[in-house]
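Fold and geometry: a report
If you want the building blocks of each chain, they are given just below.
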Amino acid sequence: MLKKEFRLKKGSSFKATYSQKRIVSDEFFVLYGGKNKENADIPTKTGFVVSKKIHKRAVKRNKIKRLAREALRLAIKENSIEKYNSFQSLIYVAKENSLDLDFRTAQTSVTKLINKLANKFL
């Protein structure tokens, strides 16, 4: 589980990140990136969104979020994401294909999207 200092919690923070229009996607997630950071000491905050359109049961939606959070946490711990600290905030929005997601696929998708976002907007 991600620590509280790494989580995006406020609605205004989500809106600010969405308004930056920095978007990359793959078959499982859409990743929205916030502003570039000037101060590297402040942690990057990350949010995970799974719409009711994906599945009506909260159990299924929460499973997708847990998989993605754990994949991100381990990627940060292993330092496999080089430019994770370049952004103030990140939001992962799940697509319908993410219902059939396993952990390894989630891990590759999460890391690939951050690297793709960094290459595109840095």
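Before going into details, it helps to say that this report is about the structure given with it. None of these values were measured; they are calculated from a predicted model.

Let us now look at the side chain of Thr44. Following the sequence through the fold, Thr44 ends up in the loop between strand 2 (29-33) and strand 3 (45-49). A polar side-chain atom of Thr44 sits 3.2 Å from a polar atom in the side chain of Lys37. Among the polar contacts made by the side chain of Thr44, one reaches the side chain of Asn85 at a distance of 3.4 Å. Other than its neighbours up to four places away in sequence, Thr44 contacts Phe6, Lys37, Tyr84, Asn85, Phe87, Gln88, Ser89 and Leu90.

What follows concerns the sheet that holds strand 3. Pairing in this open sheet of 4 strands is mixed, and the strands run 1-2-4-3 from one edge to the other. Single-partner strands in this sheet number two, and they are strand 1 (22-25) and strand 3. Neighbour-to-neighbour, the strand axes of this sheet turn through a mean angle of 20°, independent of strand direction. Two strands pair when backbone bridges link them, and strand 2 and strand 4 (residues 89-94) are joined in this way by 5 bridges, in the antiparallel orientation. Among the inter-strand pairings, Val30 is bridged to a residue of strand 4, identified as Val93. Here helix 1 (residues 11-19) sits on the sheet in contact with strand 2, strand 3 and strand 4, set at roughly 85° to strand 4. In the packing of helix 3 (residues 103-121) onto the sheet, contacts are made with strand 1, strand 2 and strand 4, and the angle to strand 1 comes to roughly 140°.

We now examine a positive patch on the surface. Taken together, the side chains of Lys4, Lys9, Lys10 and Lys45 present a region of like positive charge at the surface. Within the secondary structure, Lys10 is located in the segment before helix 1.

A few words now on the nonpolar core. With 26 residues, the main nonpolar core has Phe29, Leu31, Leu72, Leu90, Tyr92 and Ile114 as its most contacted residues. Listing elements by their share of this core, those giving two or more residues are strand 2, helix 2 (58-77), strand 4 and helix 3. Take this core: its biggest share by element is 6 residues, from helix 3. Not counting residues up to four positions away in its chain, the partners in contact with Leu90 are Leu8, Leu31, Tyr32, Gly33, Thr44, Lys45, Thr46, Gly47, Tyr84, Ile114 and Leu117. In this structure, Leu8, Phe14, Tyr32 and Val93 belong to the second largest nonpolar core, which totals 6 residues.

Next up on the list: the packing of aromatic side chains. Overall, the coordinates contain 3 aromatic pairs when judged by the stated rule. When the ring of Phe48 is compared with that of Tyr92, the centres are 5.3 Å apart and the planes differ by 10°; the resulting orientation is stacked. Of the two residues, Phe48 sits in strand 3 while Tyr92 sits in strand 4, which places them 44 residues apart along the sequence. Residue Phe48 is classed as buried on the basis of its relative accessible area, which comes to 10%.

Now for the environment of Ile54. By the element assignment, Ile54 lies in the loop between strand 3 and helix 2. Ile54 sits in the buried class, given a relative accessible area of 11%. In this structure Ile54 touches Ile64, Ala94, Lys95, Glu96 and Leu99, once residues within four positions along its chain are discounted.

Reading the values: rules and limits
- Note that residues are indexed from 1 along each chain, following the sequence as it is written.
- The predicted origin of the model limits local features to residues at a pLDDT of at least 70 and limits the giving and counting of side-chain atom pairs to 80 or more, whereas totals for whole chains, interfaces and linings rest on all residues.
- Side-chain numbers come from the whole structure's heavy atoms, not from hydrogens or water.
- By the criteria applied, helices consist of DSSP H or I runs no shorter than four residues and strands consist of E runs no shorter than two, each listed in order from the N terminus.
- Counted as a polar contact is a pair of N or O atoms within 3.5 Å, where, for protein atoms, one must be capable of donating a hydrogen and the other of accepting one, and residues adjacent in sequence contribute only when both atoms are in side chains.
- The contact rule is simple, with two residues in contact once any of their heavy atoms fall within 4.5 Å.
- Note: two strands are recorded as paired if DSSP finds a minimum of 2 bridges between them.
- The convention used is that axes are lines fitted to C-alpha atoms, helices contributing only their stretch in contact, and that angles between N-to-C directions extend from 0 to 180 degrees.
- Residues enter a patch when their relative accessible area is above 30% and they make no salt bridge; the linking distance is 9 Å between like charges and 5 Å between nonpolar side chains (Val, Leu, Ile, Met, Phe, Trp, Tyr).
- The protein chains shown are the only cover counted for residues, whose accessible areas, like all others here, come from Shrake-Rupley with a 1.4 Å probe.
- Only one rule defines a salt bridge in this text: a Lys or Arg side-chain nitrogen within 4 Å of an Asp or Glu carboxyl oxygen.
- Residues scored as positive are Lys and Arg, those scored as negative are Asp and Glu, and His as well as the terminal groups of each chain are ignored.
- Charged groups are reduced to one reference atom each: NZ for lysine, CZ for arginine, CG for aspartic acid, CD for glutamic acid.
- By convention a nonpolar core is built from buried Ala, Val, Leu, Ile, Met, Phe, Trp, Tyr and Cys residues, the set being connected through side-chain atoms within 4.5 Å.
- Buried means the residue's accessible area, taken with a 1.4 Å probe over protein chains only, is under 20% of the maximum for its type, while exposed means over 50%, and partly exposed covers the values in between.
- Aromatic contacts are taken between Phe, Tyr and Trp rings whose centres are within 6.5 Å, Trp giving its six-membered ring; a plane angle under 30 degrees counts as stacked, one over 60 as edge-to-face, and the others as tilted.

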